[in-house]
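Summary of structural features
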Amino acid sequence: MAPTQLQENLVKANEKYASSFTEGHLALPPAKKYAIVTCMDARIDPAAAFGITLGDAHIIRNAGGVAKDALRSLVISEQLLGTQEILIIKHTGCGMLTFQNRDAVGVVQSNLGVAGVEAIRSGFGSDFLPFPDLEGAVKSDVEWLKANTAIPVKIEISGWIYEVETGKVRHVV
Ligand SMILES: [Zn+2]
């Protein structure tokens, strides 16, 4: 099969990147010992917006920057790779503010039928983890992590909101 335009772009951009790459010596554990949980939103550039240099931190991204969805990666990050601080960074204009579970399940049902509905049920309990209140979701995610016994009490946890309109980040909790 012929490569897609995106595949060609990947190869071309990577050739350029690799031709001047000098960071092959970096260690596996993040040098600055922290993990960021943020949204997969295409408008967020975590390295640039949050000052992350290659090798510094784990960046865990999912729809909404949801702590519960990131738990597996966070436990690996802390227990196996030595990170000691977590920053939850959600953002304005997040898609997760715009629907409820029943809406998403309805879309899956109409596009993918009963088999699709069954697959999301067995895959993640049909809970898309949407949230109606941005600031409330930041606070509840931080509280949820602090109360979670898989996260040691010594881990520093804070919550933030990134504004896609201004590029600014603000501290919530
Ligand atoms: Zn988002």
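The structure under discussion appears in the preceding block.
These lines cover the structure that appears in this document, whether it is placed above or below. Just so it is clear, the structure is predicted and the values come from calculations on it, not from any experiment.

1. With respect to the overall build of the protein chain
Within the protein chain one finds 5 helices and 5 strands. When the helices and strands of the protein chain are listed from N to C terminus, the series reads α-β-α-β-α-β-α-α-β-β. Summarising its shape, the C-alpha atoms of the protein chain cover approximately 50 × 50 × 35 Å along the three principal directions. When each of the 173 residues of the protein chain is scored for burial, the buried share is 34%. Here the contacts in the protein chain between residues at least 6 apart in sequence split such that 67% fall between residues at least 24 apart. By element, 57% of the accessible surface of the protein chain is carried by carbon and sulfur atoms, the whole surface being about 10700 Å². Computing the positive centroid from 16 side-chain charges and the negative centroid from 19, the protein chain places the two 2 Å apart.

2. Here we look at the layout of surface pockets
Its volume calculated, the largest pocket comes out at about 180 Å³. A63, V66, K68, D69, M96, F99, F124, D127, F128 and L129 together form the lining of the largest pocket. Across the lining of the largest pocket, the residue classes break down as 7 nonpolar, no polar and 3 charged.

3. Things to note about the packing of aromatic side chains
With the rule as written, the count across this model stands at 4 aromatic pairs. Judged by centre distance (6.3 Å) and plane angle (80 degrees), the ring pair of F99 and F128 falls under edge-to-face. Remark: F128 occurs in the loop between α4 (101–124) and α5 (134–147) and F99 occurs in the loop between β3 (85–91) and α4; sequence separation between them is 29 residues. You can call F128 partly exposed: its relative accessible area is 23%.

4. Notes on the packing of helix α3 (residues 67–80) against α5
A pair of packed helices can be characterised by two numbers: the angle between their axes and the separation between those axes. The N-to-C vectors of α3 and α5 enclose an angle of 40 degrees; their axes lie 10 Å apart at closest approach. Considered as vectors, α3 and α5 are oriented oblique to each other. Seen from above, α3 lies across α5 with right-handed handedness. On the side of α3, the interface is formed by A67, K68, L71 and L74, while α5 contributes D141, W144 and L145. Here the contact of α3 with α5 is built from residues that sort into 5 nonpolar, no polar and 2 charged.

About the thresholds
- Residues numbered from 1 in each chain as written.
- Predicted model: local features only at pLDDT ≥ 70, side-chain atom pairs only at ≥ 80, totals over all residues.
- Heavy atoms only, no water.
- Helix = DSSP H or I, 4+ residues; strand = E, 2+ residues; numbered from the N terminus.
- Buried < 20%, exposed > 50% of the residue type's maximum accessible area, 1.4 Å probe, protein only.
- Contact = heavy atoms within 4.5 Å.
- Areas by Shrake-Rupley, 256 points an atom, 1.4 Å probe, with all protein chains shown as cover.
- Lys, Arg positive; Asp, Glu negative; His and termini not counted.
- Charge placed at Lys NZ, Arg CZ, Asp CG, Glu CD.
- 1 Å grid on protein atoms, 1.4 Å probe; cavity = no way out; pocket = protein on both sides within 12 Å on 5 of 7 lines; lining within 4 Å.
- Points joined across faces, edges and corners; volume = space filled by probe spheres on them.
- Nonpolar A, V, L, I, M, F, W, Y, C, P; charged D, E, K, R; others polar.
- Phe/Tyr/Trp six-rings, centres within 6.5 Å; stacked < 30°, edge-to-face > 60°.
- Axes fitted to C-alpha atoms, helices over the stretch in contact; angles between N-to-C directions.
- Parallel < 35°, antiparallel > 145°, perpendicular 65-115°, else oblique.
- Left-handed = near helix turned anticlockwise from the far one by under 90°.

All we've got here are geometric facts, nothing functional implied.
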